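# Observations on the three-dimensional arrangement
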Amino acid sequence: PRTCVHISEIEDVELLKISLDLWKFLVLDVQKGMATPSALSMGRFFPMGQKRQDVRYEFYKKLLMELESVLVRRMVRPEEVLITQDENGEIVKVEMKDTVNLMIYESMQKTLHTLTMLDPIARET
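A brief report on the enclosed structure follows. All values derive from a computational prediction rather than experimental measurement. (Residues numbered from 1 in each chain as written. Predicted model: local features only at pLDDT ≥ 70, side-chain atom pairs only at ≥ 80, totals over all residues. Heavy atoms only, no water.)

For the rest of this paragraph, the subject is a nonpolar patch on the surface. Together, I7, I10 and L15 make up an exposed nonpolar region whose accessible area comes to about 200 Å². Relative to the helices and strands, I7 is located in helix α1 (residues 2-9). Residue classification places I7 among the partly exposed positions, given a relative accessible area of 32%. (Patch = residues over 30% accessible without salt bridge, like charges linked within 9 Å, V, L, I, M, F, W, Y side chains within 5 Å. Areas by Shrake-Rupley, 256 points an atom, 1.4 Å probe, with all protein chains shown as cover. Salt bridge = Lys/Arg side-chain N within 4 Å of Asp/Glu carboxyl O. Helix = DSSP H or I, 4+ residues; strand = E, 2+ residues; numbered from the N terminus. Buried < 20%, exposed > 50% of the residue type's maximum accessible area, 1.4 Å probe, protein only.)

Structure below.
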């Protein structure tokens, strides 16, 4: 599994898209397996901040933390903005939408969001 994280670091757009699909599937699958805390579990019997224990999450925890840092380093911008001067001499903002980068951005954003939801307390540090 650690090799897959290293593959995500390679500067190739196609490899990144494929590895993002893999990570998104894994992270969502781990999230589904975790018990969702109820309002009762947040009361006095189970104080807030208590970590949820899940065997699969504990197994992948170190890998997922490494993945999170790789995704943050590789995060792409959703759109590029160019500031140009038009024929009248006025400064205008031109947004260049790159559909591939936009797709990668949305996939990374969803994966990072789900990673954060798996263990929000660990992400605060």
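Let's shift gears to the nonpolar core. With 21 residues, the main nonpolar core has V30, L64, L67, L71, L115 and L118 as its most contacted residues. Those elements that provide at least two residues to this core are α2 (13-33), α3 (55-74) and α4 (99-118). Element by element, the count of residues in this core is highest for α3, at seven residues. (Core = buried A, V, L, I, M, F, W, Y, C linked by side-chain atoms within 4.5 Å.)

Turning to the environment of M103, a few remarks are in order. Tracing the sequence through the fold places M103 in helix α4. For the pair M103 and K17, spaced 86 residues apart in the sequence, the C-alpha separation amounts to 8.8 Å.

Counted under the stated rule, the structure contains five salt bridges. Here E9 makes a salt bridge to R73, at a shortest N to O gap of 2.7 Å. Here R73 lies in helix α3 and E9 lies in helix α1, a separation of 64 residues in the sequence. Taking relative accessible area as the criterion, R73 reaches 55% and is therefore assigned exposed.

With that settled, consider the packing of α1 against α3. Where α1 contacts α3, the axes come no closer than 10 Å and their chain directions differ by 5°. Taken together, the axis directions place α1 and α3 in an arrangement best described as roughly parallel. Judged by residue contacts, R2, V5, H6, S8 and E9 of α1 engage K62, L63, E66, L67, V70, R73 and R74 from α3. Its residues assigned to classes, the contact of α1 with α3 comprises four nonpolar, two polar and six charged. (Axes fitted to C-alpha atoms, helices over the stretch in contact; angles between N-to-C directions. Parallel < 35°, antiparallel > 145°, perpendicular 65-115°, else oblique. Contact = heavy atoms within 4.5 Å. Nonpolar A, V, L, I, M, F, W, Y, C, P; charged D, E, K, R; others polar.)

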